[in-house]
Amino acid sequence: MNLEARKISFVQEFLRLQNEEIVIGLEKLLHKRKAELIEKEMKPMSLEQFNKDIDQAEDDFKNGRYISSNELKAKIQKWS
């Protein structure tokens with residue numbers, strides 16, 4: 001059974017649940033595992049990469065490749 005079929009089967013089984021304790025337990029497990037995976041995938045940035053990013057940001061600023069916080073707020077307000 002491939003991943004998509006397993007997810008569909010799981011959702012169907014989940015929708016048949018009538019016990020709130022099981023639903024709560026599955027929610028907790030899902031949130032815990034997602035947090036563990038995110039933490040596992042996060043890697044600290046190297047000092048070299050950090051300095052490279054700073055240099056790039058300074059170059060962007062010098063060459064006008066930025067917007068002010070007010071401009072950004074105005075753009076965000078137009079999104080909704």
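See the structure shown above.
Everything quoted here is computed from the prediction, not taken from an experiment.

1. Comments concerning the environment of S68
For step 1, the next point in the chain: Along the chain, S68 turns up in the loop between helix 3 (47-62) and helix 4 (69-79).
For step 2, the next point in the chain: Measuring from C-alpha to C-alpha, the distance between S68 and E41 comes to 32 Å, with 27 residues separating the pair along the chain.

2. Here we look at the environment of E4
For step 1, the next point in the chain: Turning to its location among the elements, E4 is positioned in helix 1 (residues 3-16).
For step 2, the next point in the chain: C-alpha separation for the pair E4 and S46, spaced 42 residues apart in sequence, amounts to 36 Å.

3. A few points about helix 3
For step 1, the next point in the chain: An ideal rise of 1.5 Å per residue puts 22 Å on 16 residues; helix 3 measures up with 23 Å between its terminal C-alpha atoms.
For step 2, the next point in the chain: G64 sits one or two positions beyond helix 3 and adopts a positive phi of about 70°.

4. A short note on the pattern of salt bridges
For step 1, the next point in the chain: Using the criterion set out here, one finds 6 salt bridges in the structure.
For step 2, the next point in the chain: Across the pair D59 and R65 runs a salt bridge, and its minimum N-O distance is 2.6 Å.
For step 3, the next point in the chain: A salt bridge links R65 to D60, with the nearest nitrogen and oxygen atoms 2.8 Å apart.
For step 4, the next point in the chain: Here the salt bridges share partners, and the residues they tie into one network are K32, R33 and E36.

Conventions used here
Residues numbered from 1 in each chain as written. Predicted model: local features only at pLDDT ≥ 70, side-chain atom pairs only at ≥ 80, totals over all residues. Heavy atoms only, no water. Helix = DSSP H or I, 4+ residues; strand = E, 2+ residues; numbered from the N terminus. Expected span 1.5 Å × (residues − 1). Salt bridge = Lys/Arg side-chain N within 4 Å of Asp/Glu carboxyl O.

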